[in-house]
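The residues making up each chain are set out below.
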Amino acid sequence: MMIEFILNDKIIKTEANSSMTLVDFIRENRNLKGTKIVCREGDCSACTVMVGTLSSDQNSVKYQTITSCISPLANAKGKHVVTVEGLNLSNKLNQVQQSLKDNYASQCGFCTPGFVVAMANYCLNDKVETEQQMLDAISGNICRCTGYVAIINAAKELVENCKEQGNKYTLEQLIAYDFIPAYFSKIKKSLKSIHSEHQASGKKIIAGGTDLYVQQADILLQTQNLRYITLEQGQPIVIQGDTCSISGLATVTDLFDNQELQKSIPHLQDFLRLLSSEPIRNMATVAGNFVNASPIGDMSAFFLALDTTLLIADKDDSRQVKLKDFFLDYKKINLKDNESIAKLWFKLPTKNIQFNFEKVSKRKHLDIATANTAIHIEVKDNRVISCDLSVGGVSAIPKYLNKTGEFLIGKTISNDTINQAIEVMNSEISPISDVRGTAEYKRLLANQLVKAHFIKLFPNHIKFEEVA
Ligand SMILES: Cc1cc2nc3c(=O)[nH]c(=O)nc-3n(C[C@H](O)[C@H](O)[C@H](O)COP(=O)(O)OP(=O)(O)OC[C@H]3O[C@@H](n4cnc5c(N)ncnc54)[C@H](O)[C@@H]3O)c2cc1C
Ligand code: FES
Ligand code: FES
């Protein structure tokens, strides 16, 4: 298949194997060796590149970072891919490079291209300019020798340097003040002229590739009949009345950035920050997380508690399945070979309904869960009206706790109720020992995390000292 995209300042048309990783194309086919490879699993961000997508009104180009080691070349189609070389000015360091240099933030230099690209992307994107946003931007970048103090100092300096009177610089200002090279001003026009549609045929779906490329990159290289589903930015998340519906193509970042959703789920960004790093969230789709069917999938636990419904479609037909009926057994799901998840929807938490998500992993960030759980609970006059509770990592599937939820209905929120509910939960889960912990440890975690929901959501009724 012909893939057309812009790589730095050049239009590329290639018939190279569309399932090869973008990093291999960049390094081997184009001989651009600035983009480094360390883990090839999306874990270190040494291979970070920026991907610019034309907005649907064709008025702007939005840039996001991705880890190119687990992204198929096909997903570059119709985009502007920027490597560290594509940020170079002709006769001096750009502002990002200068800031890292001034703060002595590079030692062996192997991680530095990834940091340069991630920080430049922060300067280019139109999100509110806060230190937290910058920390999110570099949240996936691992440095093995400098230590992070110098790097964070450089990052903080950039947060101040790329804005004027509180507003981030425009593209023109970023060019004028040496953040990015001048060719960026022509990219919007060039993107309009190149071919970006994906073939909708093929059997095996590849969305973000963040699961598939970690597990099967070599196999995918030999596989025919792949179906790349278009990943555009800002996939539809539509809120109508109390229902939120989300496209099957939506990424975790689409959720993270959605302001309406943030209003209904106030700690949404804190919850989603626990899912890997910004570049992974930019690629990872919610549907991909369900279909991967990992018992510790964070999106699975999250959406189970929202009592989500899926629209599953093949080319002729569609059907609805509750997410709690989607997971059948370990890695077995209610999805046929020719079907895909087209859409999902759920009722938004409203006045008396609260939502919380908890996750424990070996380290707080950039790690998959040992156990995770979410709750969606309606309480009136301290009495439970309805409760959807999920837990991951303690069964063969991401588990919707039917009995525990039912037990809670009609009960008052108290220490006794929680302890009894935990007993019911213990009869519903069946943790096993593995590298992430023993069965006993996981059971204990699940118990403590359920308590954490109630301590957080009902601080007037449940006190940490009394139930912990
Ligand atoms: C470094 C790293 C860290 C990670 N951290 C976390 C974490 O903290 N928590 C977590 O839960 N996960 C984590 N993941 C896993 C992964 O990012 C998620 O599972 C992600 O949501 C998968 O989505 P994707 O679009 O990349 O899926 P892909 O890899 O493209 O596809 C995964 C599976 O879903 C199928 N598929 C994709 N879309 C559809 C669709 N619409 N309909 C039908 N089938 C479809 C594919 O055919 C494939 O079988 C991490 C991954 C990496 C690489
Ligand atoms: S090489 Fe480590 S994330 Fe790509
Ligand atoms: S400077 Fe050596 S890994 Fe970061």
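Just so it is clear, the structure is predicted and the values come from calculations on it, not from any experiment.

Examining the domain arrangement of the chain
As assigned here, the chain comprises domain 1 (3–87 + 186–228), domain 2 (95–180) and domain 3 (237–467). The C-alpha centroid of domain 2 is placed 23 Å from the C-alpha centroid of domain 1. Contacts between domain 1 and domain 2 engage 14 residues on the former and 15 residues on the latter. Looking at the side of domain 1 that touches domain 2, the elements with two or more residues in it are strand 3 (48–54) and strand 4 (61–67). Looking at the side of domain 1 that touches domain 2, the element that brings in the most residues is strand 3, giving three residues. Grouping the constituent residues of the side of domain 1 that touches domain 2 by class yields eight nonpolar, five polar and one charged.

A look at the sheet that holds strand 12 (residues 309–313)
One key point about sheets: their strands pair by backbone hydrogen bonds, in either a parallel or an antiparallel sense. Spatial strand order, 10-11-16-12-13: five strands in an open sheet with antiparallel pairing. Both edges of this open sheet fall to strand 10 (237–240) and strand 13 (318–322), since each of them pairs with a single strand only. Direction aside, neighbouring strands of the sheet carry axes that sit 20° apart on average. The pairing of strand 12 with strand 13 spans five bridges and is classified as antiparallel. Pairing of Leu311 across the sheet is with Gln320, part of strand 13.

Some remarks on helix 16 (residues 415–428)
End to end, helix 16 covers 20 Å across 14 residues, agreeing with the expected 20 Å (1.5 Å per residue, within 8%). Those residues of helix 16 that fall on the buried side of the exposure criterion are Ile418, Ala421 and Met425. Each buried residue of helix 16 sits inside an arc of 65° when the element is viewed along its axis, so together they form one side. Among the exposed residues of helix 16, those pointing more than 90 degrees away from its buried face are Asp416, Asn419, Glu423 and Ser427.

As for the packing of helix 2 (residues 95–102) against helix 3 (residues 112–124)
Axes are the key here: two packed helices are described by the angle between their axes and the distance separating the axes. The contact between helix 2 and helix 3 brings their axes to 9 Å, and the two run at 125°. Comparing their axes, helix 3 and helix 2 come out oblique. In the packing of helix 2 onto helix 3, the handedness of the crossing is right-handed. Here Val96, Gln97 and Leu100 of helix 2 lie close against helix 3, whose contacting residues are Thr112, Phe115, Val116, Met119, Ala120 and Cys123.

Some remarks on the packing of helix 2 against helix 5 (residues 149–161)
For the pair helix 2 and helix 5, interaxial distance at closest approach is 9 Å and the crossing angle is 140°. Relative to helix 5, the element helix 2 is oriented oblique. Between helix 2 and helix 5 the crossing geometry is right-handed. For the pair helix 2 and helix 5, contact is made by Gln95, Val96, Ser99 and Leu100 and by Ala154, Glu157, Leu158 and Asn161, respectively. Here the contact of helix 2 with helix 5 is built from residues that sort into four nonpolar, three polar and one charged.

Regarding unusual backbone geometry
One non-glycine residue with positive phi stands out, namely Arg40, at about 60°. Mapped onto the fold, Arg40 is located in the loop between helix 1 (22–29) and strand 3. Its identity is not glycine, yet Gln165 carries a phi of approximately 45°, on the positive side. Relative to the assigned elements, Gln165 resides in the loop between strand 6 (163–164) and strand 7 (167–168).

Conventions adopted
- Residues numbered from 1 in each chain as written.
- Chains lettered and ligands numbered in written order.
- Predicted model: local features only at pLDDT ≥ 70, side-chain atom pairs only at ≥ 80, totals over all residues.
- Domains from an automatic or database assignment.
- Contact = placed C-beta atoms within 7 Å.
- Helix = DSSP H or I, 4+ residues; strand = E, 2+ residues; numbered from the N terminus.
- Nonpolar A, V, L, I, M, F, W, Y, C, P; charged D, E, K, R; others polar.
- Pairing = 2+ DSSP bridges.
- Axes fitted to C-alpha atoms, helices over the stretch in contact; angles between N-to-C directions.
- Expected span 1.5 Å × (residues − 1).
- Buried ≥ 20, exposed ≤ 12 C-beta atoms within 10 Å, placed from the backbone.
- Arc of directions from axis to C-beta.
- Parallel < 35°, antiparallel > 145°, perpendicular 65-115°, else oblique.
- Left-handed = near helix turned anticlockwise from the far one by under 90°.

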